[in-house]
Amino acid sequence: MIGKGMARRALVLTVAAGCTATGVLTACSSSSGSSGSSNHRSAAPATTSPVPRSFSATVDNPWFPLPPGRTLVYSGIKDGAKSTEYLTATRETEKITGIPCRVVEDRLYTGRTLHEATRDYYTQDAAGNVWYFGEDTAELDAHGNMLSTEGTWRAGRDGARPGIFLPAHPVPGAAGQQEYYPGQAEDRFQILDLTSRVSVPYKTFTGALRTKEWTPLEPGVVDNKYYVKGIGTVKEVTVKGGPFEENVLTAVRG
């Protein structure tokens, strides 16, 4: 699903040259920039807990803004079926480990049937990095009955830790872990470039940020995701492994 990675999505960033540190972030070394490469250096979660006063539920990182009330609409392919997804940044906030998070509602339909309903929790630190603090996920049957909550996690519970979903200043080659809940949520990313051209039903964009995303829970599967300033995610597509999945932006509401 958009926002977490179609493979089902931390704190260490690897950068192409040298090592730096910003707050609780550590960055050093790099991994391949190929969209299909699976030779990734493992990123471990930080041992330092985020400080509540340095975070805000106002997420305005230009590559992933979450203005309350806005809905992004996507169409795509999931589990071999056509899907429609609605990603809404609500006006609701929730504190997780004392840190205020913006609640984002994610509704995925196959046909007219609600297939997945998720509440995602994002926050932004003073430097502009967007953090991911967890999700409450429900997979539903055709009658609306809950089938599974697999993938649900929150920072601070059962050893789960938050991760940086998108850095304030993306640099090609940088990589990191977006979430850390062993065996359930271990999505990772690498920034490939900031100059991609991408066409989706909503519009054609240039200067898009392109990332590679994967998880050790689904070895061999790699996705590419495209971000556009002022909007956020506009496309996500499987580029290696399978099954093939895709989501493309069709409308922006609010």
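For the structure itself, consult the block above.
Remember, predicted model here, so these are calculated numbers, not experimental data.

Engineer: Could you give me a rundown of the environment of Asp-193, with the residues and numbers involved?
Structural biologist: With respect to the helices and strands, Asp-193 occurs in strand E15 (residues 188–199). When the C-alpha atoms of Asp-193 and Pro-172 are compared, they prove to be 5.1 Å apart, with 21 residues separating the residues in sequence. Beyond its immediate stretch of four places on either side in the chain, Asp-193 contacts Pro-172, Ala-208, Leu-209 and Arg-210. Polar contacts involving the side chain of Asp-193 include one to the side chain of Ser-196, which spans 2.6 Å. Of note is the side chain of Asp-193, whose polar atom sits 2.7 Å from the side chain of Arg-210.

Engineer: I'd love a proper account of empty space enclosed by the protein, names of residues and values included.
Structural biologist: Estimated volume of the largest cavity: approximately 80 Å³. In terms of lining residues, the largest cavity is bounded by 13 residues, among which Pro-65, Leu-66, Arg-70, Leu-72 and Leu-87 are the most central. Mapped onto the lining of the largest cavity, the elements with two or more residues apiece are strand E6 (81–96) and strand E18 (232–240). A per-element tally of the lining of the largest cavity places E6 first, with three residues. Of the residues in the lining of the largest cavity, the class split is nine nonpolar, three polar and one charged.

Engineer: I'd love a proper account of the packing of aromatic side chains, names of residues and values included.
Structural biologist: For the structure on display, the rule yields 13 aromatic pairs. Aromatic side chains Phe-64 and Tyr-122 sit 5.2 Å apart centroid to centroid with 55° between the ring planes, which places their arrangement in the tilted category. Of the two residues, Phe-64 is situated in the loop between strand E4 (55–56) and strand E5 (71–78) and Tyr-122 in strand E8 (residues 113–125); the sequence distance between them amounts to 58 residues. Each of the two residues, Phe-64 as well as Tyr-122, counts as buried. Between Tyr-122 and Phe-165, the aromatic rings sit 5.4 Å apart at their centres with planes inclined by 75°, giving edge-to-face as the arrangement.

Criteria and thresholds
Residues numbered from 1 in each chain as written. Predicted model: local features only at pLDDT ≥ 70, side-chain atom pairs only at ≥ 80, totals over all residues. Heavy atoms only, no water. Helix = DSSP H or I, 4+ residues; strand = E, 2+ residues; numbered from the N terminus. Contact = heavy atoms within 4.5 Å. Polar contact = N/O pair within 3.5 Å; in protein donor to acceptor, adjacent residues only side chain to side chain. 1 Å grid on protein atoms, 1.4 Å probe; cavity = no way out; pocket = protein on both sides within 12 Å on 5 of 7 lines; lining within 4 Å. Points joined across faces, edges and corners; volume = space filled by probe spheres on them. Nonpolar A, V, L, I, M, F, W, Y, C, P; charged D, E, K, R; others polar. Phe/Tyr/Trp six-rings, centres within 6.5 Å; stacked < 30°, edge-to-face > 60°. Buried < 20%, exposed > 50% of the residue type's maximum accessible area, 1.4 Å probe, protein only.

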